[in-house]
Every structure is written in C-alpha cells, then in structure tokens.
Amino acid sequence: MLNHVNPDILKITNAFMYTEYPHKSFWSTGMGDKEYRSALLELLTNEPNTPLLLYIHILYCTELCWFCTCHIEKATKNYGLREKYLEMLYLEIRLLQEFFDQHSLSPNFTEIHLGGGSPTDLNMDDFDSLIENLGLLANTGDLNEFSIEIDPRHTTKEMLRHYHRAGINRISMGIQDFDPQVQKAINRIQPIGLVEDLMDDETIKLFPNGVNFDIICGLPHQSTETIKRTAEECVRLSPDRICLNYLHQAPEFAKHQNIMSDGKYGRPDHLPDYYERKVIFTAALETLTRGGYVRTGYDHFAKPTDSVARAMAEGKMRWNALGVTAGRYDDVIGVGVHSYSTIGEYYFQNLYDIRKYQESLEQRSFPVFRGHKLTRDDLIRRDIIQSLRSFFSLDLGSIENKYGIDFEEYFKAELAALDNYIKDGLVDVRDRAIVVTEKGHQFANTVCYVFDNYKQTRPKF
C-alpha cells in the first residue's frame, strides 16, 4: 500500500500530531500571569456554566522509560522531592481558588484527570491530601469523569480500590508493548501478569467509565508479528479504549531517547523507520478491529459501547492533549509544572523549570511559561484539523456557515496542494466535502499539515 504513495508525502515524517493548533512551539513567551488571569475572567464571566476539565500534572517517575517525551523533571526514588512538589502544587491550587473567590466565580469543573509523570508513585496519604486540595476547586464526588494514569509496575489492587473510594471512575494504564524484548529496549520491564492481575472482573467493576490501554507503535524491535501479539493480548484483556500512539521521536528535547539506538539495547536498524511504523500500525489496527474495536480518530480505538465510540458516531468526539474524549468539554485548566490550559480562545503552558515554577508561585503569580491568543484564521484551521483528524472528513459548508467565508477561495492554495493526495487515493474531494479515504487514514496528520499556516516557519520538533 505505502509503495504507491507519492514520495513527497512520505517525506513529511514529522508532521505534528495536532493536539493543539497552532503547535505550542509557536506560542509566545510574552504571555504570562496577566494574560492568564484575563483569559480566565473573560471565559468564566461570559460563559459561567461552561464545562471544564481540571488537569493535574504529577511530576517525577521512579524509573525513566527511554521512549518517553513527557515532562517528568527526572527519574528518582527520592520521595521527599514528591512531597516538596505537592506543596508547590497546592500553592497553585490555592492561587486559583483565591482568584475565583476574588471575582465571585464558580467554575464548572465536570472532569478531572491526574497525569504525569506517575500519579501512582504517590503514597495513599499524599494521594488523599491531593484529593482534599482538589476539593478547593471542584466537587470531586460529583464529576462526569475522574481519571488517573496507572503504571502497572507500581500499582496494586488495594491502591485501585483506594482510588475508587476517592471517586476515581476511569483508569488509563501505560502498557506500551507486551513483548519482553521491546520492553527491555525501552527500559520498561512489565510482565503481562502484572496487568492481568489488575484487570480481574472484580477490580474493573470499580471503574464504570472504563479502562484505557496506552500502546506505542514504532518502538525498537517491534515488528508486525510482535505488535499483532500485543494487540491480541489487548483484545483478550478487553480494555474499553486503546490509544495506539506513534513513537514521538524528539531526541533534541528528550536526549534519553538516544539510548534506544546506541548499540547496547537496540541498534539503529532495530528502530522502525517511518515506512515500517505505518506497516506495524496497520497490523495492530487489523488485529484490533477483528477483535471488535472501532477506530475512533487517527490513533485511537474503542469498544462500540464506549462513550467515545458513541460520541464519534454522533459527531461530538473531540481530540486534545489527553487523547480522544466524548466531547463533554472544550476548556482545560492545567495545574503543575509543564501543564497545558485551553481557555476560550487562548492557550497557556506552565513553566518547565521547577525552580522558576516555585518562584512564580511564591510571588503570587501564575507560573505561565508561554501562551497564544488564537486568531480568526487559527480558529478556522483548528476546526478543519480537528474534523479531518477525528472524523476523516470535512464538510466545507459547515466551515463556511460558521465563519462566513468562501471555502474554495479562502483555501485555494490548500485545495491545490491536495492534488498529490487525491492522485494517490488518500483523499477524495466531492460533494463539497474533503474525505480522507480508508487508504489515507494512515496519513490523516499529513493531510492536516496541508492546512497548517505555520509550517513554513516550524521548528525541528
């Protein structure tokens, strides 16, 4: 299949995944505390009942996975660092609470997600303290969804029961791959028995909103046969959703990724190239769909009964930095080092440096590193990218009606640039719609790239 794709399309190997548009590398460091407060006040004054997701970034992991591009500060077994970080986190939570109280605002937090890093590295007393502090912002006992990322290596059934008692109703397990050789090459030894033990019927019933598995495609030593076995195990263990992400290779940012191909654990020829990753992804896709899963967007799968699958069928599904969602919220308030916020027509990202993060909070300033105010053109293109990536189609009339433009005139150059995709059978333009074909689903992100107005000045990663 890939042999018949135009080489110019295959060369676009580093197209952004478009968890946001424009990509955060184009956001301005000139935006900070003042702009953040203004955006919050504008949104919550004009739309006081708008549903919000509260994202909490838990820093640190006990061990470093060599594929990882998440911001964890460092891998450490020093629990004292986690306690110090939680103290800083609570400062930011209280700063938010004071801001809301000052302006008589009652934000409608309907979902909370605990990510990282590794939230499951917290002991239960500190976990309970975290939940208590979150209660300053939201009613943690009355949420549409309360989710946590799980590292099976550091999680027990009793911990899962404790999370359930605290209100957690959805869990996301970091699996990555079940093959022992692949696990060794990425420094994540995780026998399948650990996952099986956590996936018994009694335990899973504790989380009515479901279980997600994270799998990565493109890891060293992966092949079509190994990924098929991993996908078959996923079908057998039967999570509600599966995120089949492509490996994000950014050694400029995550230097530890070089360890995967330094000659000790995996030679460069053992790290699948762009073509091989597509073939491996296809093998996993076919196995999962035969197992009863439906594809929900570019790189996600779900059981037909899952809320995301239903939302996709109804055209309500959304995609953001946390993956696909059932579309119950658009705005996100992120707390913690490196966390992201989407507030109305603004993006913000918190500081990476933990010392600067602490200094900002001690000065009673929100720890914003950079931000972006979306222009009208940004909003139009974001909607287009969201539709193509999530639903593999775009109704031109819907964009025209929403923004009052002539689509063919506004995007004359972009429509012409789709010619190569059309010739290769990846895209079909008909009946005033752009449709990414079944063959083209693998290239949905590069189709989105056509509509990226920042691509001429994009950085290396």
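Residues numbered from 1 in each chain as written. Predicted model: local features only at pLDDT ≥ 70, side-chain atom pairs only at ≥ 80, totals over all residues. Heavy atoms only, no water.

**Student:** Run through the environment of Ser-341, naming residues and quoting values.
**Tutor:** Mapped onto the elements of the fold, Ser-341 is located in strand β12 (residues 340–343). Placed 27 residues apart in sequence, Ser-341 and Val-368 show a C-alpha to C-alpha distance of 9.9 Å. Residues within four places of Ser-341 in sequence aside, it is in contact with Tyr-36, Val-332, Ile-333, Gly-334, Tyr-346, Tyr-347 and Phe-348. (Helix = DSSP H or I, 4+ residues; strand = E, 2+ residues; numbered from the N terminus. Contact = heavy atoms within 4.5 Å.)

**Student:** Give me the packing of aromatic side chains: which residues, what numbers.
**Tutor:** Evaluated as defined, the whole model comprises 20 aromatic pairs. Geometrically, the ring pair formed by Phe-99 and Phe-100 is edge-to-face, given 6.1 Å between the ring centres and 65° between the ring planes. Here Phe-99 and Phe-100 have matching classes, each one buried. Geometrically, the ring pair formed by Phe-99 and Phe-366 is edge-to-face, given 6.3 Å between the ring centres and 80° between the ring planes. Here Phe-366 lies in the loop between α12 (354–362) and β14 (368–373) and Phe-99 lies in helix α3 (residues 79–102), a separation of 267 residues in the sequence. A residue is classified by how much of its surface remains accessible, and Phe-366, at 2% relative accessible area, is buried. Members of the aromatic cluster, connected to one another through ring pairs, are Tyr-36, Phe-99, Phe-100, Phe-109, Tyr-346, Phe-348 and Phe-366. Across from the ring centre of Tyr-346, 5.4 Å away, lies the NZ or CZ of Lys-373, which sits over that ring. (Phe/Tyr/Trp six-rings, centres within 6.5 Å; stacked < 30°, edge-to-face > 60°. Buried < 20%, exposed > 50% of the residue type's maximum accessible area, 1.4 Å probe, protein only. Lys NZ or Arg CZ within 6 Å of the ring centre and 35° of its normal.)

**Student:** Would you mind going over the nonpolar core in detail, with residue names and values included?
**Tutor:** Counting residues in each nonpolar core, the largest one holds 118 residues, and the members touching the most others are Leu-89, Leu-114, Leu-134, Phe-213, Phe-407 and Ile-434. Aside from chain neighbours lying at most four places away, what touches Ile-434 is Leu-388, Phe-392, Ser-393, Leu-394, Leu-396, Phe-407, Leu-415, Leu-418, Val-427, Asp-428, Val-429 and Phe-451. Counting residues in hydrophobic clusters, the runner-up holds 11 residues, among them Cys-68, Val-182, Ile-216 and Leu-247. (Core = buried A, V, L, I, M, F, W, Y, C linked by side-chain atoms within 4.5 Å.)

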